[in-house]
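A closer look at the structure
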Amino acid sequence: MNNRATSNPQDDFKIKDTKPQLGEQWPHRGVRGGGGWIRSDRVTSTYDLVEQTYFLYVQVVKARDLPTNPVTGSCDPYLEVKLGNYKGKTQHFEKKTNPEWNQVFAFSKEKIQSSVLEVFVRDREIVARDDYLGNVCFDMDEVPTRVPPDSPLAPQWYRLEDSRAEGKVKGEVMLAVWMGTQADEAFPEAWHSDAASVHGEGVFSVRSKVYVSPKLWYLRVNVIEAQDVESQDKSQLPQFIRAGFDLEKFGFGVLEGDRRKELKFSTKIHLRACLEGGYHVLDESTMYIGDQRPTARQLWKQPIGILEVGILSAQWLLPMKTKDGQGRTDAYCVARYGQKWVRTRTVVESFSPKWNEQYTWEVYDPCTVITLGVFDNCHLGGNEKPTGNAPGRDLRIGKVRVRLSTLEIDRIYTHSYPLIVLQPNGVKKMGELQLAFRFTCLSLIHMIYLYGRPLLPKMHYMHPFTVRQLDSLRYQAMNIVGSRLGRAEPPLRKEVVEYMLDVDTHMWSMRRSKANFFRIVSLFSGIISMSKWLGDVCQWKNPITTILVHVLFCILICYPELILPTVFLYMFLIGIWNYWSRPRHPPHMDTKLSLAEAVHPDELDEEFDTFPTSKSQDVVRMRYDRLRSVAGRIQTVVGDMATQGERFHALLSWRDPRATSIFIVFCLCVAVILYVTPFKIITLSTGLYLLRHPRFRSKMPSAPINFFRRLPAQADSML
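Everything in this summary refers to the structure shown in the same document.

Rules and cut-offs
- The numbering scheme is per chain: residues are counted from 1 as the chain's sequence reads.
- Where local features are concerned, this predicted model is filtered to residues with pLDDT of at least 70; where side-chain atom pairs are given and counted, the filter is 80 or more; whole-chain, interface and lining totals use all residues.
- Note that the side-chain values use all heavy atoms of the structure and ignore hydrogens as well as water.
- Between any two strands, pairing holds if DSSP finds at least two bridges.
- Runs of H or I in DSSP of at least four residues are treated as helices and runs of E of at least two as strands, each being numbered from the N terminus.
- Angles shown run from 0 to 180 degrees and are taken between the N-to-C directions of axes, each axis being a line fitted to C-alpha atoms and, for helices, limited to the stretch in contact.
- Here the angle decides the label: under 35 degrees means roughly parallel, over 145 means roughly antiparallel, 65 to 115 means roughly perpendicular, and every other value means oblique.
- Every residue pair with non-hydrogen atoms within 4.5 Å of one another is taken to be in contact.
- The nonpolar class holds Ala, Val, Leu, Ile, Met, Phe, Trp, Tyr, Cys and Pro. Asp, Glu, Lys and Arg form the charged class, and all remaining residues, Gly among them, are polar.
- For this analysis, a polar contact is any N or O atom pair within 3.5 Å, provided that within protein one partner can donate a hydrogen and the other can accept it, and provided that sequence-adjacent residues contribute only side-chain to side-chain pairs.
- Summary of the burial criterion: residues with accessible area below 20% of their type's maximum are buried, those above 50% are exposed, and those between are partly exposed, where the area comes from a 1.4 Å probe applied to protein chains only.
- Only one rule defines a salt bridge in this text: a Lys or Arg side-chain nitrogen within 4 Å of an Asp or Glu carboxyl oxygen.

1. Some thoughts on the sheet that holds strand S1 (residues 16–17)
Picture the strands of a sheet paired through backbone hydrogen bonds; they go either parallel or antiparallel. The five strands lie next to each other as S1-S26-S27-S17-S22, forming an open sheet whose pairing is antiparallel. Of all strands in the sheet, those with a lone pairing partner are S1 and strand S22 (354–363), marking the two edges. Strand direction decides the pairing type here: strand S17 (residues 305–315) and S22, joined by eight bridges, are antiparallel. From the neighbouring strand, Gly305 faces S22, where its bridge partner is Val363.

Pasting the structure below:
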């Protein structure tokens, strides 16, 4: 925390390079030496984008021949695994001497403080203390190490001994104990010592899971014709209509009791319905699209690459809720690309959680985006109180987007991304997320070919939807995806899905509108710089540069066939020059570009307002007046643009007879001059005139500009 306090505030929102210890390093024969675990040189290809994390796995399968209570004559057994200060318990069974648990416990090696693993079997008692049935002990130095892809370790029967009864045997328990990593198959479903304080239903919400989005189709319904349409005017006869018709339900009224269930023939309608598999069902913004394939699997192409993501850890997370008067954060990470969603396990009560989980996606188009978000788990079954005003909802900590086309092939990117969230009180950094990326290309020719293909499937261009239809369909798709993923175990809740899919990007925001305006202005910065440079050349600010431009201009006029090759060669040289200063890391959330650092508090309050608004009339009136002021300036700019275009039309429209007469006579004279004068002479003369010395220039506007400004426009006819 001290490092964060002393860091430069400007660097606080920047992406940082990291050098984690990636790759699998295994202990030598599972033996601990005096200096710790001995690391070998064996490095495998799996899980090579995360730091190696060791776990002690204890698989509890079942027990048999357990003794019964001499008083009750029954046995309600459960098993307890103890390693130092950590304890894990299975569920208990009532009146069962041969229980089957099939549960795995995982203890982080970093937190192991004992050299003995103890397994206890107890008989649950409601009133008195639970009876001790027996135990099994394991020396940590004797625990074997399992190295994937080896087969799982076979469980074995162990006798339960009662140390208080001089080694008397009390049944047997089937166990398997081994040392492994997060690459083990038992890792996702295991009970973790990091979540030892979680009980009840909260245990299921801390596990890592992989989800698949539901397969969505567009349903197209064509109304062909309707027959025997009843009209509200009873004097008219039933009609035959070959068009779509707004049908109303005719039947019995609400007050007529059981007669409402009777069927009454009203009309016949001819429909054609089909499932459209040629479209891609959009459930996210096209700006951050992660999948472009059509619904029908028969139309899918072969993947062009593999994306591997290592979700390493987070640092300096802020407290998201309070428990027993102390701040805490139970963080997990969600990644979404294409139809595959992944969720890491929840690390309980940690401001610097370490996940070290690696996931893989097939890539069908490089111009797609992967989205990763960090959330605080608020469903652990405790008495936590969220710091926000949304109880029972997983709180958002931050989000990261990475566009695959910005990644170099076969390069490993390891960076720490700032987790930035815009809140009603301003922009805030919630922590940092450490990630590792690698994009592997399977077919370079196919990938280059895709750059010339449409972004979406063919049906989006052959039979396009309107903007309003796309917004409505996207909202419906988002609701379906959120509903389906919310019924999984553990559920991926609706607030998480909405945040990952950017459901609120279409809402009005003064801050975002200003940011987009400045983005447009920045696009013309190159043109403005070029025009400024040409102005300096024409003004002879640097005589040497102006003379060189004269020489180059004369050469191009004498050899016009060199113009296009020179332009393309110049762009090639610029690209080669910019290669040495190319970006070294993917783009990230930019607070300066988003105008999040200097936004007005009232504009933020308006951005976070509900729809429809929940503010008072005075606040709404003030914001409406401000919006009218901004819209008025936009209206003026649009009107000026329309005026300039109408003046071009007025050149030949005879709206101003004298101006049109002057222009057509000028056109005739220019045509005659161009017919009798070589084109090279005309071009050379024009260029030399534009590059003339300032001594031969006037500060007054030129005659063509004065003539154009005097032309009429339809602004005179505006009310």
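2. As for the packing of helix H7 (residues 525–538) against helix H8 (residues 543–558)
Running from N to C, H7 and H8 point in directions that differ by 100°, and their axes come no closer than 8 Å. Our classification of the angle between H7 and H8 gives roughly perpendicular. Contact with H7, carried on its side by Trp533, Asp536 and Val537, involves Thr545, Thr546 and Val549 of H8 and no other residues of that element. Residue classes in the contact of H7 with H8 are distributed as three nonpolar, two polar and one charged.

3. Focus: the side chain of Arg293
Looking at the secondary structure, you find Arg293 in the loop between strand S16 (268–276) and S17. Only 3.0 Å separates the side chain of Arg293 from the side chain of Asp291, close enough to count as a polar contact.

4. Topic: the pairing of strand S25 (residues 395–403)
A large share of S25 lies buried, amounting to seven of its nine residues. Bridge count for strand S23 (residues 369–376) against S25 is eight bridges, and the pairing is antiparallel. Residue pairing in the sheet places Phe375 in a bridge with Arg396 of S25.

5. What to know about the sheet that holds S23
On the basis of which strands lie adjacent, the open sheet formed by five strands has the order S13-S21-S20-S23-S25 and antiparallel pairing. Two strands lie at the open edges of the sheet, namely strand S13 (209–212) and S25, each paired on one side alone. Going across the sheet, the axis of each strand differs from the next one's by a mean of 15°, ignoring polarity.

6. Focus: the pattern of salt bridges
Where charged atoms of side chains with opposite charge meet at close range, the side chains can pair. If you walk through the whole model with that rule in mind, you get 36 salt bridges. Between Arg146 and Asp184 there is a salt bridge whose closest N-O contact spans 3.0 Å. Linking Arg146 in the loop between strand S9 (131–139) and strand S10 (156–162) with Asp184 in the loop between strand S11 (168–181) and strand S12 (191–192), this pair joins segments that are 38 residues apart in sequence. Since its relative accessible area comes to 6%, Arg146 is described here as buried. Since its relative accessible area comes to 5%, Asp184 is described here as buried.

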